Amino acid sequence: MTSRERLLAATRRQPVDYVPCCMPFNPLSAAQRRGHSWNFPWAPGATTAQQLAYQVEELGLDQVVHLGCTVSQAAPGVESEVRLDGDVLHKTFHTPAGDLHAAVRVNEMWPHGQDIPFHSDFNIGHFVEPWLQTEGDLAALLQLQQPLPETQARANAVRAVEGARALAGQWDLATVASVGTGLTGALQLFGATELCLMIVEQPALVEAYVEHEHQLNLLALRSLAGLGVDMVRRNGFYETADFYGPAMLERFLGDRLRAERDAAHAGGMLMTYTVNTGVMPILDYLAGLGLDAHCGIDLACDGVVPAQVRDKLAPTSSLWTGPSSTYHLWNGPEPTREAVRLTFEVMGRTGLVLSPCVSAHSIMPWESTLAMVDEWKRLR
């Protein structure tokens with residue numbers, strides 16, 4: 001089988017010549033790497049093609065080529081300004097619906113310089129004032145994220161897919177389109193504590209944001225349909241019981257995720273979903289989503305019972321899982337090898353894509369990554 005054929009078959013829970021291994025590599029920001037060495041065998045400035053060449057040709061991995069699809073734009077007349085007041089950075093967008101403002105405290109751990117992006121995990125620990133607090137804030141955000149006309153969104157998708165497929169074709173790799181962040185993106189806009197409170201106290205505001213984002217996701221999926229993209233990856237990293245109960249997740253996300261799944265399938269794409277921790281109380285909910293794959297469930301987290309994860313999810317979804325970034329890769333080759341062995345023992349070979357949970361980091365021991373690859377080749 002080619003790498004693409006193998007990965008797609010495994011994701012569909014079909015027979016494969018051997019279990020594929022797909023490894024996301026996270027370079028981390030310069031702030032995150034401070035005080036640590038760079039341990040990847042390619043330079044920090046290496047191109048995607050250079051990185052893939054090493055990962056595929058030297059390590060033998062079944063990598064994917066990622067792409068995005070721009071489907072929104074700011075309304076005419078929107079302007080922005082940034083100012084630094086002591087150690088507090090302010091950013092304001094002036095829109096026809098009013099101002100949208102956020103502020104963060106800047107220190108040596110702030111990686112974004114003189115900018116405050118909408119979607120960054122670093123917002124959470126640095127927010128002095130989050131982006132979204134009121135209905136007025138959401139109205140202003142919608143001015144910055146107005147849906148493109150279908151023809152323009154489709155043209156953007158065609159260009160993105162052409163570039164990704166040209167790169168993937170060098171090694172016959174699968175392509176994956178990133179579409180949707182849901183409550184993960186909401187958490188980066190509202191703030192973590194603030195969103196958890198708001199989902200109880202002001203659910204209509206959260207519902208309005210999630211619906212807005214859902215409609216953009218559907219536009220992206222329509223734009224990508226039939227272009228030969230293999231899979232969609234939905235970011236559900238913070239859509240778990242770490243923050244919400246299963247009834248909350250079903251209310252805000254359930255039908256929307258199933259609709260996005262159906263749209264992906266209608267466009268010839270598999271629907272995969274990133275989820276990392278906080279899964280045990282929501283296994284029934286996750287199974288009810290009917291997604292093609294759950295990617296990144298950390299089997300080593302406190303309270304996780306791998307066999308229960310398998311029993312609930314594996315009948316309908318493939319599992320992209322394996323050694324934990326936090327508990328195994330950080331701790332060296334032998335814990336990593338043990339984790340690979342446990343993954344094969346518990347999950348079996350049907351519907352398994354061996355993958356670190358959720359990525360190998362540039363500051364982790366490279367020997368751990370090599371041990372993971374070596375053990376995979378021995379057991380696959």
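Since the model is a prediction, treat every value here as computed from it, not as a measurement.

Novice: An account of helix H3 (residues 48–58) is needed here, citing residue identities and associated values.
Specialist: Note: α-helices contain 3.6 residues per turn, so residues at a spacing of three or four share the same orientation. Inspection of H3 places Leu52, Gln55 and Val56 among the buried residues, and these make up the whole buried set. All buried residues of H3 lie within an arc of 85° about the axis, which places them on one face of the element. Across H3 from its buried face, at more than 90 degrees, point the exposed residues Glu57 and Glu58. Packed against the buried residues of H3 are strand S1 (25–26), strand S2 (64–67) and helix H6 (150–168). Once H3 finishes, Gly60 follows within two positions and takes phi at roughly 80°, a positive value.

Novice: Could you give an account of the nonpolar core, naming the residues involved and the relevant values?
Specialist: If you look at the biggest cluster of nonpolar residues, it comprises 103 residues, and the most contacted ones within it are Phe25, Leu100, Trp131, Leu183, Phe190, Tyr209 and Leu224. When residues of this core are assigned to their parent elements, the largest contribution, 10 residues, is made by helix H9 (residues 203–224). Counting 13 residues, the second-largest nonpolar core is a separate cluster that includes Ala174, Met231, Leu270 and Ala293.

Novice: Please give an account of the packing of aromatic side chains that cites residues and values.
Specialist: Across all of its chains, the model carries 16 aromatic pairs by this definition. When the ring of Phe118 is compared with that of Trp131, the centres are 4.8 Å apart and the planes differ by 80°; the resulting orientation is edge-to-face. Highlighted residues: Phe118 in the loop between strand S6 (98–105) and helix H4 (122–126) and Trp131 in the loop between strand S7 (127–129) and helix H5 (135–144), separated in sequence by 13 residues. Ring plane angle 90° and centroid distance 5.9 Å describe the contact between Tyr238 and Phe243, whose orientation is recorded as edge-to-face. For Tyr238, a relative accessible area of 17% translates into the label buried. The positively charged end of Arg233 is found above the aromatic ring belonging to Trp320, 5.0 Å away from the centroid. For Arg380, the ring lying beneath its charged end belongs to Trp376, and the centroid distance is 4.7 Å.

Novice: An account of the sheet that holds strand S4 (residues 79–85) is needed here, citing residue identities and associated values.
Specialist: In any sheet, the strands associate via hydrogen bonds between backbone groups, in a parallel or an antiparallel arrangement. With antiparallel pairing, four strands are arranged side by side in an open sheet as S4-S5-S6-S7. Of all strands in the sheet, those bounded by a partner on one side alone are S4 and S7. Taken pair by pair, the neighbouring strands of this sheet meet at an average axis angle of 20°, ignoring direction. By the bridge criterion, two bridges tie S6 to S7 in an arrangement that is antiparallel. Along S7, the bridge assignment pairs Ala103 with Glu129. Together, strand S5 (88–95) and S6 form the strand contacts of H5, whose direction differs from that of S6 by roughly 100°.

Novice: Can you break down the packing of H5 against H9 residue by residue, with the values?
Specialist: Two quantities define a packed helix pair, namely the angle between the helix axes and the distance between the axes. Running from amino to carboxyl end, H5 crosses H9 at an angle of 10°, the nearest separation of the two axes being 10 Å. On the basis of the axis angle, H5 is roughly parallel to H9. Across the interface between the two elements, Glu135, Leu138, Leu141 and Leu142 from H5 touch Leu205, Ala208, Tyr209 and His212 from H9. Along the lines of polarity and charge, the residues of the contact of H5 with H9 split into six nonpolar, one polar and one charged.

Novice: I'd like to hear about the side chain of Arg258, residue by residue, with values.
Specialist: Following the sequence through the fold, Arg258 ends up in helix H10 (residues 246–266). Note on Arg258: relative accessible area 18%, which makes it buried. Only 2.4 Å separates the side chain of Arg258 from the side chain of Glu250, close enough to count as a polar contact.

Conventions and cut-offs
Residues numbered from 1 in each chain as written. Predicted model: local features only at pLDDT ≥ 70, side-chain atom pairs only at ≥ 80, totals over all residues. Heavy atoms only, no water. Buried < 20%, exposed > 50% of the residue type's maximum accessible area, 1.4 Å probe, protein only. Helix = DSSP H or I, 4+ residues; strand = E, 2+ residues; numbered from the N terminus. Arc of directions from axis to C-beta. Contact = heavy atoms within 4.5 Å. Core = buried A, V, L, I, M, F, W, Y, C linked by side-chain atoms within 4.5 Å. Phe/Tyr/Trp six-rings, centres within 6.5 Å; stacked < 30°, edge-to-face > 60°. Lys NZ or Arg CZ within 6 Å of the ring centre and 35° of its normal. Pairing = 2+ DSSP bridges. Axes fitted to C-alpha atoms, helices over the stretch in contact; angles between N-to-C directions. Parallel < 35°, antiparallel > 145°, perpendicular 65-115°, else oblique. Nonpolar A, V, L, I, M, F, W, Y, C, P; charged D, E, K, R; others polar. Polar contact = N/O pair within 3.5 Å; in protein donor to acceptor, adjacent residues only side chain to side chain.

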